[in-house]
Amino acid sequence: MSSDIPGVHTTVDNGVLRVTLDRPSRMNAVTTETLDAVADAFDKHAGDAEVRVAILTGAGRAFCTGADLGGLDLSGPPSSATIDAANRAAAAIRAFPRPVIGAVNGPAAGVGVSLALACDLTIATESSYLLLAFTKVGLMPDGGATALVAASIGRARALKMALLAERLPAREALAAGLIADVHPDDEFAATVDALARRLADGPSEAFHFTKDAVNDATLVELDNAFARERSGQIDLLAAADFHEGVAAFREKRPAVFGRA
């Protein structure tokens, strides 16, 4: 069984729900509609007894390179639509009653980091990296990233990632405790399938209770993070630094912040 919404491809096969970000020409940069489609896929199958495990991954060379700034309209007042959709997607992954594998098959940047870390077992290719790129365009992390990252690697490393917007290679992310495992690129697809099969063949209800117990213990600030990020991001979207950051991104030049 498969279904497609522009930007997202969903299949259910042999107990495995696979949700694929499918905008390879844009390195799987997401729009409001894409993020809502991810949330819809997980919500739709949350009560599906056929599904015993889920995979979230990307098509082509990337996992997800964040929000698509290419066609962003800056002429009107700031909209919370994309932030709300990102929060909804991360919350739907977190609430899904079966284990969710985050199969990071390439760069994960911006809200792509949030989606990856909302999953229960996040694994990556050796060539992958994670990048909280928000400050590069004058924004703050969203999609729950301020809680998801800090819950895994602590305040100091979370602030370094968020403030400096530096790439964190997959091996370093594993060493820091941010993700669960790293595998060679040419073995990754087979590894993901094997892990999904192992989980699908396991005790689903035991996995469900275990997932909820660990997440409830470690992500106690996730809902509050959604609210704080939404409030801060709305202010930042109206600021001159964001307009300069988007202009610099489109013009492929360094941003010059702090000027009206």
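See the structure shown above.
Residues numbered from 1 in each chain as written. Predicted model: local features only at pLDDT ≥ 70, side-chain atom pairs only at ≥ 80, totals over all residues. Heavy atoms only, no water.

Re the sheet that holds strand β6 (residues 108-109)
Spatially, the 3 strands line up as an open sheet ordered β6-β8-β9, and their pairing is mixed. With one partner strand each, in any of the chains shown, β6 and β9 (168-169) form the two edges of the open sheet. Where strand β8 (residues 129-131) and β9 come together, 2 bridges link them in antiparallel fashion. Opposite Leu130, over in β9, you have Leu168 as the bridge partner. (Pairing = 2+ DSSP bridges. Helix = DSSP H or I, 4+ residues; strand = E, 2+ residues; numbered from the N terminus.)

Concerning the packing of aromatic side chains
Note on aromatic pairs: each is described by the distance of the centres and the angle between the planes. Applying the stated rule across the entire model yields 1 aromatic pair. With centroids separated by 5.3 Å and ring planes inclined at 85 degrees, the aromatic side chains of Phe42 and Phe96 adopt a geometry described as edge-to-face. With Phe42 in helix α1 (residues 32-45) and Phe96 in the loop between α2 (81-95) and β5 (100-104), this residue pair connects regions lying 54 residues apart in the sequence. Across the pair, Phe96 and Phe42 agree in class, each one buried. (Phe/Tyr/Trp six-rings, centres within 6.5 Å; stacked < 30°, edge-to-face > 60°. Buried < 20%, exposed > 50% of the residue type's maximum accessible area, 1.4 Å probe, protein only.)

Overview of α2
In an α-helix there are 3.6 residues to a turn, and that puts residues three or four apart on one side. Between its first and last C-alpha atoms α2 spans 21 Å; for 15 residues at 1.5 Å apiece the expected length is 21 Å, and the two agree. All buried positions along α2 are accounted for by Ile83, Ala85, Ala86, Asn87, Ala89, Ala90, Ala92, Ile93 and Arg94. In this structure, the buried residues of α2 make contact with α1, β4 (53-58), β5, α3 (111-118), α7 (204-218) and α8 (222-237). (Expected span 1.5 Å × (residues − 1). Contact = heavy atoms within 4.5 Å.)

Points about the side chain of Arg94
Relative to the helices and strands, Arg94 resides in helix α2. When residues no more than four places from it in sequence are discounted, the contact partners of Arg94 are Ala118, Lys211, Asp212, Asn215, Asp216, Leu219 and Leu222.

Here's the deal with the pattern of salt bridges
Counted by the stated rule, this structure contains 16 salt bridges. Between Asp68 and Arg23 there is a salt bridge; the shortest N-O distance is 3.0 Å. Remark: Arg23 occurs in the loop between β3 (16-21) and α1 and Asp68 occurs in the loop between β4 and α2; sequence separation between them is 45 residues. For Arg94, the salt bridge is made with Asp212, and the minimal N-O distance between the two is 3.4 Å. Remark: Asp212 occurs in helix α7 and Arg94 occurs in helix α2; sequence separation between them is 118 residues. The class of Arg94 is buried, set by a relative accessible area of 14%. Shared partners join several salt bridges into a network, and the residues in it are Asp36, Asp40, Asp43 and Arg88. (Salt bridge = Lys/Arg side-chain N within 4 Å of Asp/Glu carboxyl O.)

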